[in-house]
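Residue-level structure breakdown
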Amino acid sequence: MLPKIIERDDLRAFVEALLADNVVVAPIRKGEKYVFSEVETFDEIALDYNISLLSPKKFFYPQIETVLKFKIGDRPESQAITEASPVIIFGIHPCDIAATWLLDEVFKEDPADPNYLEKRKKAVLIGLNCAQPCDEFSFCRDMGSYNVEEGFDLMLTDLGEKYFVEIGSKLGEEILVEGAHFRDATSGDLKDRQAYQEKKETNFVKRIPYDTKFLPEILEESYDSLVWDAIAKRCFSCGSCNIVCPTCYCFNVTDEVAASAAEGERKRVWDSCQLAEFTEVAGGEVFREERSSRLRHRFFRKGKWLLERYGKLGCVGCGRCDRNCLVKINSVEVYTQLAGEPVQ
Amino acid sequence: MKPKVAFFSFTSCEGCQLMFLNLEDELLDLLGLVEIVNFREAMKEVLADEYDIAFVEGSITTHSDIEEVEDIRKRTKILIAFGACATIGGINAIKNFQPLDDVRKYVYDRDWDKIDTVPTMSVDQVVDVDCYIHGCPVDKKEILDVVTSVILGKTPRVPDYPVCVECKLAENVCVFDKGLVCLGPVTRAGCSAICPTFGNKCLGCRGIISDPNVNAEKDLLAERGLSIDDILKEFRMFDGLSEVSK
């Protein structure tokens, strides 16, 4: 589908048209940071946000979600719960779009996850391109997620007085019609978009001193590296890196019984492989008792195992893990140190 | 027959018992499951002296407390340490870092030597505890989880990971990012990070997790300008009995 243009001044009218009959979530300010939250007016939207605390995955895969309601007693019953309502996610950045692609792959794999997929199906993704990295924690260029060609319904690129609009799906095209503030991009607009891209390519720099396609091999060679022990010494195992990660998808399942002890709800809650409890099995055995083995597990998931399984890195380089790490464990540093290790 | 439930209180503000009474929407359902036989804060009658479940609130701080809780233990099948004072000693343990006689003089003035006291202990330092409901005050959801679990014969789930997990789930701005310090990285979760969610810092009221990275926390607090004394004060607010406060 050919790209469109919307004038800067018309964006408000377009978003307001969306707001009139849809639930729209967008980045808004929270203290010094940003979160994706439902908005009621265009002015609430922080178009210039760098990165949200949690990624918009929370709209397809909520932090806490009821998946089953049950009755206990003489006649036990249970009913699976799948709740999904339409939502427009406005302003999602390329890294988070790339992360959504990975989550889609994971959750549609057999057995498919209806709770995720139903919500995902009802979500419209309107992307917002980034002209420069969020901050010193971003390594999206290394992970190849600073540009996305697909995975969005619309993608807006800020060209100053106008936005360049790429259409990624039939749904995206339909929304445009609804807005009716768009015109076809001219060759002049395409040139402006090209100039934006050239500038963008210089703004985003690689930070890992090798191509990330070598990550699986480097990790493979680093399984027994002392780097894991060294960083584990300061790791809290607080799980923050997992909880803020846009590609982490592990959850725990708990049953909450009502005060009557006759009924209850089964909930799934985001979990973290950094917690000792994560690998605890019946009988109390914990498979990854050492912090270092839990840390290593996370990096292997991101840099090796998911790539081998889904054909894409399990990390989009958004840097949320590192930004939220109180003890400054830094992915780029870890990957760099691993490569500097003598091969055993 | 419904399990017999009793409530007992030692050194505490008795606010955790109040949290039980605050379960207004669930109280009638709970009374369908259990029979409350001794609950001074809620009723005059004492209907039994043997209990299936005893909620023991408060720290143990006198010789008579010791005798009393030992006696309760003998008459109880499942003893639940109820609230921070009972589970970890809580703020009552602050006195353990001062000479006991100084504390007595300060509190009781000229009659200080007539009033007995011992260094503050958590309930499990005196008797076996079967189950813990942490927090200052306890979380209503956890009370329900424990009561229904006991009724159904399940083991209640007590988190043993840091508050950071729940704080991130709540999408809070990190307390450290606001220029404050926080005990969340080493404190047991289960409170839904209620204090950071409402703009405060974590004070450690649910106790220290079983595998804390204490050195990392102390380094972190020192990096934010706290002296050794300041750091110990942070820990000793609620966690005076823990290794971290030594």
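About the criteria used
Residues numbered from 1 in each chain as written. Chains lettered and ligands numbered in written order. Predicted model: local features only at pLDDT ≥ 70, side-chain atom pairs only at ≥ 80, totals over all residues. Helix = DSSP H or I, 4+ residues; strand = E, 2+ residues; numbered from the N terminus. Buried ≥ 20, exposed ≤ 12 C-beta atoms within 10 Å, placed from the backbone. Contact = placed C-beta atoms within 7 Å. Nonpolar A, V, L, I, M, F, W, Y, C, P; charged D, E, K, R; others polar. Domains from an automatic or database assignment. Expected span 1.5 Å × (residues − 1). Arc of directions from axis to C-beta. Core = buried A, V, L, I, M, F, W, Y, C linked by C-beta atoms within 7 Å. Pairing = 2+ DSSP bridges. Axes fitted to C-alpha atoms, helices over the stretch in contact; angles between N-to-C directions.

Let's shift gears to the overall build of chain A. In terms of helices and strands, chain A carries twelve helices and twelve strands. C-alpha extents for chain A along the principal axes are approximately 65 × 65 × 40 Å. Counting across all 344 residues of chain A, residues that qualify as buried make up 43%. Here the analysis covers contacts within chain A between residues at least 6 apart in sequence; of these, 72% occur between residues at least 24 apart.

You'll often see interface size given as the accessible area lost when the parts meet. Tallying the contact residues gives 28 residues for chain B and 30 residues for chain A. Looking at the side of chain B that touches chain A residue by residue, the class counts come to 16 nonpolar, three polar and nine charged.

All names here are of chain B. Parsing chain B into structural domains produces domain 1 (4–152) and domain 2 (163–245). The C-alpha centroid of domain 2 is placed 25 Å from the C-alpha centroid of domain 1. Every contact between the two is made by 16 residues of domain 1 and, on the other side, 13 residues of domain 2. Grouping the constituent residues of the side of domain 1 that touches domain 2 by class yields seven nonpolar, seven polar and two charged.

Turning our eyes to something else, we now look at the domain arrangement of chain A. Residue and element names in this part refer to chain A. For chain A, the assigned domains read domain 1 (4–59 + 83–203) and domain 2 (212–249 + 272–340). Relative placement of domain 1 and domain 2: their C-alpha centres are 28 Å apart. Counting residues at the interface gives 21 residues for domain 1, matched by 19 residues for domain 2. Put simply, the parts of the chain that give the side of domain 1 that touches domain 2 at least two residues each are α2 (94–108) and α4 (140–143). Tallied by class, the residues present in the side of domain 1 that touches domain 2 amount to 14 nonpolar, three polar and four charged.

What follows covers helix α3 (residues 63–74) of chain B. Residues and elements named next belong to chain B. End to end, α3 covers 17 Å across twelve residues, agreeing with the expected 16 Å (1.5 Å per residue, within 8%). Every buried residue of α3 is listed here: Asp65, Val69 and Ile72. Seen from one end, α3 has its buried residues packed into an arc of 55°, which puts them on one side. What points out from α3, more than 90 degrees from its buried face, is the exposed set His63, Ser64, Glu67, Glu70 and Lys74. Close packing links the buried residues of α3 with β1 (4–9), β3 (51–57) and β4 (76–82).

Bringing the nonpolar core into the picture now. Most often, soluble globular proteins have nonpolar side chains that are buried together. Ranked by internal contacts, the top residues of the largest apolar core, which has 106 residues, are Ile89, Phe90, Ile126 and Val165 of chain A. With six residues, α2 of chain A is the largest single contributor of residues to this core. When neighbours within four sequence positions are excluded, Ile89 of chain A is seen to be in contact with Val25, Pro56, Phe59, Ala123, Val124, Leu125 and Ile126 of chain A. Counting residues in each nonpolar core, the second largest holds 45 residues, with Phe10, Ile53, Ala93 and Leu144 of chain B among its members.

This paragraph deals with helix α12 (residues 331–340) of chain A. Residue and element names in this part refer to chain A. Every buried residue belonging to α12 is among Ser331, Val334 and Tyr335, and all of these are buried. Along α12, the residues classed as buried sweep out an arc of 95° about the axis, all on the same side. Buried residues along α12 sit in contact with α7 (215–221), α8 (226–232), α10 (291–310) and α11 (320–323).

Take unusual backbone geometry next. Across residues other than glycine, the phi torsion is negative in most instances, and most of the peptide bonds are trans. In this structure, Pro111 of chain A follows Asp110 of chain A across a cis peptide bond, with omega equal to -5°. Position of Pro111 of chain A among the secondary structure elements: in the loop between α2 and α3 (114–121). Residue Pro137 of chain B is reached from Cys136 of chain B by a cis peptide bond, and omega for that bond is -5°. With respect to the element layout, Pro137 of chain B can be found in the loop between β5 (131–133) and α6 (140–152). Positioned with a positive phi, Lys328 of chain A is a non-glycine residue whose angle comes to about 60°. Take Lys328 of chain A: it is sitting in the loop between α11 and α12. Residue classification places Lys328 of chain A among the exposed residues on the basis of 11 C-beta atoms within 10 Å.

Residue and element names in this part refer to chain B. One open sheet accounts for five strands, arranged β2-β1-β3-β4-β5; its pairing is parallel. Each having just a single partner strand, β2 (35–39) and β5 make up the two edges of the open sheet. When the angles between neighbouring strand axes are averaged without regard to direction, this sheet yields 25°. Relative to β5, β4 is paired through three bridges, and the arrangement is parallel. Across the sheet, Phe82 pairs through a bridge with Ile133, a residue of β5. α6 rests against β3, β4 and β5 of the sheet, and its axis sits at about 160° to β5.

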